[in-house]
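# Secondary and tertiary structure notes
Listed below are the residues making up each chain.
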Amino acid sequence: MIEIVLASRNKKKIAEFQVLLENAFENKVKVLSLDDIGFVGDIVENGETFEENAFTKASVPASIGYIGIADDSGLCVEALDGAPGVYSARFSGGDDEDNNALLLKLLADKENRNASYVCSIACVFPNDKDKNFVVRGECHGKIIDDRRGTAGFGYDPYFYYEPFGKTFAEIELSKKNTVSHRGIAVRKFIEKFSKVIENDK
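Right, let's walk through the structure included here. (Residues numbered from 1 in each chain as written. Predicted model: local features only at pLDDT ≥ 70, side-chain atom pairs only at ≥ 80, totals over all residues. Heavy atoms only, no water.)

## As for the pairing of strand β5 (residues 133-143)
One face of the sheet, then the other: side chains in a regular strand alternate in exactly this way. Put simply, the rule is: Any two strands with at least two DSSP bridges between them are considered paired. Helix and strand assignments come from DSSP, with helices taken as H or I runs of at least 4 residues and strands as E runs of at least 2, each series counted from the N terminus.
Taken together, the ten bridges between strand β4 (residues 114-124) and β5 define a ladder with antiparallel strand orientation. Looking across to β5, one finds that I121 is bridged to V135. Of the strand pairs in this sheet, β5 and strand β6 (residues 159-161) are connected by two bridges, and their pairing is antiparallel. Opposite I143, over in β6, you have F159 as the bridge partner.

Here is the structure:
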């Protein structure tokens, strides 16, 4: 059993990763959280890109002997020059509701509602920097004004995915994972991590 530590305390995100990764590796991989390994500190995310922040977070478990993985993800809106971007989770300084309210306020007079969800996943190994890697997934949609759906988190109720005719908050998780930024990035991660495991045999 290979233990990898997801550098997160977001329970919904942890659950998504556990389902995706543990199923993909047929339970040969166990996904732990920061709480599972007793890490109580805060991780400062001060990178200018999703990739930089993901590496910063993944380096924390690696520094104490675990294979560390972390994602940094967010919403990039064309009419806002890519904002909120890496600041997606702390866009308003409040919670998800506050973030969404600010987003809609800033888009009130904008015709262009094109947006992309972006997810970068970094993997950092404790003793071999040559194995470290980062992957990126993107999903394109539009921001709508009316909240729809109760699933998901973050900006999901306002992120409309045209091929399904639904917001991300209206799509069941298994179906969402087939097209989402995180699902795409995780599949790329699985492919790369599989090669690392194979090479270590």
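## Some thoughts on the state of the cysteines
Basically, it comes down to this: Pairs of cysteine sulfur atoms within 2.5 Å are what we label disulfides. Note on classification: 1.4 Å probe, protein chains only; a residue is buried when its accessible area is under 20% of the maximum for its type, exposed when over 50%, partly exposed between these limits.
Taken as a whole and assessed by the stated rule, the structure comprises zero disulfides. The thiol of C123 is unpaired, and the distance to the nearest cysteine sulfur, on C119, comes to 13 Å. With a relative accessible area of 0%, C123 lands in the buried category. Looking at the unpaired C139, the closest cysteine sulfur is the one in C119, lying at 11 Å.

## Overview of the side chain of N53
This is how it is decided: Here, two residues are considered to be in contact whenever any of their heavy atoms come within 4.5 Å of each other.
Along the chain, N53 turns up in helix α2 (residues 50-63). Non-local contacts of N53, meaning those with residues more than four positions away in its chain, are made with E45, N46, G47, D72 and V86.

## Focus: helix α3 (residues 96-107)
Our working definition: The span you would expect from a helix comes to 1.5 Å times its residue count less one. The directions considered for the arc are those from the helix axis to the C-beta atoms. Pairing of N or O atoms within 3.5 Å defines a polar contact, subject to two protein rules: one partner must be a possible hydrogen donor and the other a possible acceptor, and residues neighboring in sequence count only if both atoms are side-chain atoms.
The end-to-end C-alpha separation of α3 is 17 Å, in line with the 16 Å expected for twelve residues at 1.5 Å each. Taken together, the buried positions of α3 are occupied by N99, N100, L103, L104 and L107. With its buried residues spanning 130° around the axis, α3 presents them on a single face. Residues of α3 that are buried make contact with β3 (67-77) and β5. Backbone nitrogen of E97 and a side-chain oxygen of the N-cap are separated by 3.2 Å at the start of α3; the cap is D95.

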